[in-house]
Amino acid sequence: MTTPLVNEQRFIEATRDTGYRSTSTAIAELVDNAIQAGASIVRIFTDQTGVGVDREISIAVLDNGTGMDTLTLSMAMQFAGSTRFNDRSGLGRFGMGLPNSSVSQARRVDVYSWQDRGKVNHTYLDVDEIIKGDLRSVPFPRRKPLPNWADKHVRKRTGTLVAWSRCDRLDNRKATTIADKLHRSLGQKFRYYLWDGNKIYINDTLVAPFDPMYFRVRTGLESARPFGGTLTLEFRVPADPHRTSSVEVRFAELPIDAWYDLPLETRRELGITKGAGVSVVRSGREIDHGWYFMGTKRKENYDDWWRCEVRFEPELDELFGVTHSKQEINPCNLLRFELSQHLEGIAQSLNSRVRMAFAAVKKKADRPPTEAESVAEKREQKLPALSIPLKSNQKLGSHSFSSKRLKYRLDFESLNTPDLYVWSIRKDGTLSITVNQNHAFCEQLFGTLKEAEHCVIRHRLECLFLALARAELACTDETTADIRFFRRTFGNLLATYLGD
């Protein structure tokens, strides 16, 4: 009598308990498969029926990739059955993604795939049928039309639909909550894919890429600044020691001078608070984010204000200890040692720079008001009152205040933006304007002034910028984006006119 290598019923139950620490990481596996199949559009659907104990959530992922023939589809549903097993050229490698991620969240998964719109093949896995012994192999794919709700979204002759039903292990009990959390998670994991012009939709809403380095931020916020250049380290490829492959590391400093007064709620929304760490990117896809390669440097609150990204290719998977679920790393000692040799010192330097930046901000905040600021506050009493909705500005809270209590603050600083100036309302009700001293206007004007002229001209310029910002504030409503566009265009044109 022979003993089966795997007890099928217990294996499927054990598999459900391993590998995926969240619903978003499981869904990310399906997005990986779509990308590797050449998809330019991935659509994710979350649906909910019933209430209370009768509530049921279903999730589906539809892509416009190359699709699969019957043999490939059968193998894709088999654990470790991929046609790309150990392939290091893309996101996948182990052939566990589709079945393992699916049963980790749902008791049934149906897969439809087509390489010709009129010839859709279908197969499935059902946990309950496997446990009962009714399903002992992947059902051979057979022709079956797409569900009507999915068919209307199909625009290409090829594609794949993965549908989860009887979902019993999701992170949240509401489909809307799951969808909301997916936006941020997938926007960060697949930011490079999205920046390349590809699209991910969740219930027909486009996923926006999120950059944890903050080099690319939403309109109205100053971006982070690079710290040093890209650090490139070469490592021998474990499978072919005669070759080497690169690990690239880069750092970013968040603009403390522009962001230090953001309300706590906004810092959390932007991912600043408790966001310190390293974004680990494998083949253009983030697979982990945590406090890695920092040696003996312990994480502090000040470390929220700088970021690090480490990029590598799949041929170095063994060094990074990449798991089959691609949701975390377990670096080998060699990699830990080599990277920490470089990164720990940089982390210490950045921590010191953050501390000094906050000290400088505090010192600047303690300075007495200039003549122009005092005049503006005094004359404010004679201007038509404004009820300023703080929620209209991305940097503010959710209440309103009268402009009769408005304070003014104007500073000249080097900004990482083409704008001539930027402004915001601080949480204490101060209209804070920062003039970009890197702009050609400031460089040329102040560079030609004699000392006696400097004070007079500077006072008039301060009045000019205070008036510009106050005028924008008076117009801040649904036209805010247009005003910002005008300000940037104005700054660019002025720089152009002043150029050589």
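Scroll up to find the structure this text is about.
Thresholds, definitions, all that
Residues numbered from 1 in each chain as written. Predicted model: local features only at pLDDT ≥ 70, side-chain atom pairs only at ≥ 80, totals over all residues. Heavy atoms only, no water. Pairing = 2+ DSSP bridges. Helix = DSSP H or I, 4+ residues; strand = E, 2+ residues; numbered from the N terminus. Axes fitted to C-alpha atoms, helices over the stretch in contact; angles between N-to-C directions. Core = buried A, V, L, I, M, F, W, Y, C linked by side-chain atoms within 4.5 Å. Buried < 20%, exposed > 50% of the residue type's maximum accessible area, 1.4 Å probe, protein only. Contact = heavy atoms within 4.5 Å. Expected span 1.5 Å × (residues − 1).

(A) Broad picture of the sheet that holds strand β18 (residues 430–436). With mixed pairing, the 3 strands of this open sheet are ordered in space as β16-β18-β17. In this open sheet, the two edge strands, each paired with only one partner strand, are β16 (407–413) and β17 (421–425). For this sheet, the mean angle separating the axes of adjacent strands, direction not counted, is 15°. Two elements, β16 and β18, share 7 bridges in a ladder whose sense is parallel. Looking at β18, one finds that Lys 407 is bridged to Thr 430.

(B) Focus on the nonpolar core. Membership of the largest hydrophobic core comes to 42 residues, with the highest contact counts inside it found for Val 247, Trp 259, Phe 293 and Phe 320. Mapped by element, the contributors of at least two residues to this core are β9 (225–237), β10 (240–253), α9 (256–259), β11 (278–282), β13 (306–312), α11 (317–320) and α12 (333–365). With 7 residues, the top contributor of residues to this core is α12. Setting aside residues no more than four positions away along its own chain, Val 247 makes contact with Leu 231, Thr 232, Leu 233, Phe 235, Val 310, Arg 311, Phe 312, Leu 316, Phe 320 and Leu 339. The next biggest cluster of nonpolar side chains, apart from the first, holds 38 residues, and it includes Ala 26, Ala 28, Val 31 and Ile 178.

(C) Summary view of the sheet that holds strand β2 (residues 56–63). If you trace the 8 strands from one edge of the open sheet to the other, you get β5-β4-β3-β6-β2-β1-β7-β8, paired in mixed fashion. At either margin of the open sheet sits one strand with a lone partner, and together these are β5 (142–143) and β8 (205–206). Of the pairings in the sheet, the one linking strand β4 (residues 120–126) to β5 comprises 2 bridges and is antiparallel in character. Bridge pairing in β5 links His 122 to Arg 142. In this fold helix α2 (residues 23–36) packs onto β1 (41–49), β2, β6 (159–167) and β7 (199–202), with an angle of close to 25° to the strand it touches most, β2.

(D) Geometry of the environment of Ala 14. Following the sequence through the fold, Ala 14 ends up in helix α1 (residues 8–16). Classification of Ala 14 by relative accessible area gives partly exposed; the value is 41%. Sequence-wise, Ala 14 and Ser 104 are 90 residues apart; in three dimensions their C-alpha atoms are separated by 9.6 Å.

(E) Representation of α2 within the structure. Spanning 14 residues, α2 covers 20 Å between terminal C-alpha atoms, matching the ideal 20 Å at 1.5 Å per step. Counting buried positions along α2 gives 12 out of 14 residues, so the element sits mostly inside the fold. Among the residues of α2, Thr 23, Ser 24, Thr 25, Ala 26, Ile 27, Ala 28, Glu 29, Leu 30, Val 31, Asp 32, Ala 34 and Ile 35 are the ones counted as buried.

In short, geometric facts, not functional conclusions.
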